[in-house]
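# Working through the structure, step by step
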Amino acid sequence: MAASFNPEEARVPRAVQMPTPPITKFKIGLCQLAVTADKERNIALARKAIEEAAQKGAQLVLLPEIWNSPYSNDSFPVYAEDIDAGSDSSPSTAMLSEVARLLKITIVGGSIPERCLDKLYNTCCVFGTDGKLKAKHRKIHLFDIDIPGKISFMESKTLTAGETPTIVDTEVGRIGIGICYDIQFQELAILYAARGAHLICYPGAFNMTTGPLHWELLQRARAADNQLYVATCSPARDAGAGYVAWGHSTLVGPFGEILATTEHEEATIISEIDYSQIELRRRVSK
Ligand SMILES: NC(=O)CC(=O)C(=O)O
């Protein structure tokens, strides 16, 4: 006999205890940057984009995955910085820290290749309004893909996987961090929601094969499943690069709705986050 299914018994309450955010409404800036082989130029460009976003009212700025270096296994060891060894060893994060402090904004600093002892990681740093490093997330799920005739890329050739989820209390709420392929793993987003995240930020560089299929789908799924905000930020597309990024940085609301997005060129999106929408969505769908 088939087991009977009682949806009431199976129902798991989705609304979890969420801390009261320090701010309800604010603007986020997503800086879709044109990344080149010139690291100094990449840093200068990122700084300019952050400053412009702040000028337009952004209190939180998100950068792309691997914004200071080309996205390639040859480049990761060359562009990698020792983040823990201080500002002289990490010009990219020194810039982020300084600009966060001067502009009094929170920065989720995309990701850069990080060198730590004999290992390399794909790492996102979060800076508070005082310029202090609040959190460091090392990409947990490395991106190894081989679709014959389409795309082959093996991050695990050079990078080591991070081991821990990262959730951080900031001046603009509780934020969970994932990097690109981390978005494919719903359990990470569920964990962040269970720990009271208001927003999950995913710096990411999807590609011309998976981008059109999965980029928007996954962001909307993570947001709608967990009834929270999801923000993504990609490098701008460079058709001549070894790895061609999809672009389309996006902000998704807790109903799975796209609040702001862009095409593939260099651009900064400014959009409003309103955390009262989370409570509203959770109330109506309980
Ligand atoms: N680049 C990534 O980490 C992920 C990606 O492009 C994909 O999942 O597709």
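Now for a description of the structure that goes with this document. Residue positions are counted from 1 within each chain, in the order its sequence is given. In keeping with the predicted nature of the model, local features appear solely for residues at pLDDT of at least 70, side-chain atom pairs appear and are counted solely at 80 or more, and the whole-chain, interface and lining totals rest on all residues. Based on all heavy atoms of the structure, the side-chain values leave hydrogens and waters out of the count.

The next subject is the site of the ligand. Here a residue is near a molecule or strand as soon as one of its heavy atoms is found within 4 Å of it. Lining the immediate surroundings of the ligand are Tyr-71, Lys-139, Phe-143, Cys-180, Tyr-181, Gln-184, Ala-205, Phe-206, Asn-207, Thr-210 and Tyr-243. Counted as a polar contact is a pair of N or O atoms within 3.5 Å, where, for protein atoms, one must be capable of donating a hydrogen and the other of accepting one, and residues adjacent in sequence contribute only when both atoms are in side chains. Tyr-181 is positioned such that a nitrogen or oxygen atom in its backbone is 3.2 Å from an oxygen atom of the ligand. A distance of 3.2 Å separates a nitrogen atom of the ligand from a polar atom in the backbone of Ala-205. Values of accessible area rely on a 1.4 Å probe in the Shrake-Rupley scheme; residue burial ignores everything except the protein chains shown. Notes on the ligand: free accessible area 270 Å², of which the protein chains cover 100%.

Looking now at the packing of helix H5 (residues 186-194) against helix H6 (residues 210-226). Between H5 and H6, the shortest axis-to-axis distance is 10 Å and the interhelical angle comes to 35 degrees. The element H5 and its partner H6 pack so that their crossing is right-handed. Contact residues: H5 offers Gln-186, Ala-189, Ile-190 and Ala-193, while H6 offers Arg-222, Asp-225 and Asn-226. Under the scheme applied here, ten amino acids are nonpolar (Ala, Val, Leu, Ile, Met, Phe, Trp, Tyr, Cys and Pro), four are charged (Asp, Glu, Lys and Arg), and all others, including Gly, are polar. Classifying every residue of the contact of H5 with H6 gives three nonpolar, two polar and two charged. Here an angle of 0 to 180 degrees is reported between the N-to-C directions of two axes, which are lines fitted to C-alpha atoms, with helices fitted over the stretch in contact. Comment: elements are numbered from the N terminus, with helices defined as DSSP H or I runs of at least four residues and strands as E runs of at least two. Each crossing is labelled by how the near helix is turned from the far one, with a counterclockwise turn of less than a right angle marking it left-handed and a clockwise turn marking it right-handed. Contact definition: two residues touch when any of their heavy atoms are within 4.5 Å.

A few words now on the environment of Cys-124. Along the polypeptide, Cys-124 turns up in strand E5 (residues 119-127). Taking the C-alpha atoms as reference, Cys-124 lies 9.8 Å from Thr-166; in sequence the two are 42 residues apart. Apart from residues no more than four positions distant in its own chain, Cys-124 is found in contact with Val-108, Gly-109, Gly-110, Ser-111, Ala-135, Lys-136, His-137, Ile-177, Ile-179 and Pro-203.

Definition used for salt bridges: Asp or Glu carboxyl oxygen within 4 Å of a side-chain nitrogen of Lys or Arg. Going through the model one piece at a time under the given rule, you end up with eleven salt bridges. Notably, a salt bridge pairs Lys-39 with Glu-81, separated by 2.6 Å at the nearest N-O pair. Taken together, the residues span a long stretch of sequence, with Lys-39 in helix H2 (residues 39-55) and Glu-81 in the loop between helix H3 (75-79) and helix H4 (91-103) at a distance of 42 residues. Categorising residues by exposure relies on relative accessible area from a 1.4 Å probe, with only protein chains included: less than 20% of the type maximum marks a residue as buried, more than 50% marks it as exposed, and the intermediate range marks it as partly exposed. Of the residues examined, Glu-81 reaches a relative accessible area of 1% and is grouped as buried. With a shortest N-O distance of 3.0 Å, Glu-155 and Lys-139 are connected by a salt bridge. Pair noted here: Glu-155 is in the loop between strand E8 (151-154) and strand E9 (166-170) and Lys-139 is in the loop between strand E6 (133-138) and strand E7 (144-147), with a separation of 16 residues, a long-range link. Overall, Lys-139 belongs to the buried group, its relative accessible area being 0%.

A few words now on the packing of aromatic side chains. In this scheme Phe, Tyr and Trp rings, the latter by its six-membered ring, pair at centre separations within 6.5 Å, and the angle between planes marks the pair as stacked below 30 degrees, edge-to-face above 60, and tilted otherwise. In the structure shown here, the tally under the stated rule is nine aromatic pairs. Ring geometry for Tyr-71 versus Phe-76: centroids 5.6 Å apart, planes at 75 degrees, classification edge-to-face. Judged by relative accessible area, which is 0%, Phe-76 ranks as buried. Geometrically, the ring pair formed by Phe-206 and Trp-215 is tilted, given 5.0 Å between the ring centres and 50 degrees between the ring planes. Look at Phe-206 and you get buried, because its relative accessible area is 4%. Site record: aromatic cluster; members linked through ring pairs are Tyr-71, Phe-76, Phe-153 and Tyr-243. In this scheme, the term charge over a ring applies when either NZ of a lysine or CZ of an arginine sits within 6 Å of the ring centre and within 35 degrees of the ring normal. Looking at Arg-138, its charged tip hangs above the ring of Tyr-121, at a distance of 3.9 Å from the centre. Sitting over the face of the ring of Phe-255, Arg-281 holds its NZ or CZ atom 4.0 Å from the ring centroid.

Another point: the side chain of Asp-182. Along the chain, Asp-182 falls in the loop between strand E10 (173-177) and H5. Buried charge without a salt bridge: Asp-182, with Lys-139 as the nearest opposite-charge side chain at an N-O distance of 6.9 Å. Within the structure, the side chain of Asp-182 is placed 3.0 Å from the side chain of His-137, a separation counted as a polar contact. Setting aside its immediate chain neighbours within four residues, Asp-182 contacts His-137, Lys-139, Ile-140, His-141, Leu-188 and Tyr-202. Within this scheme the basic residues Lys and Arg register as positive and the acidic residues Asp and Glu register as negative, but His and the chain ends are omitted.

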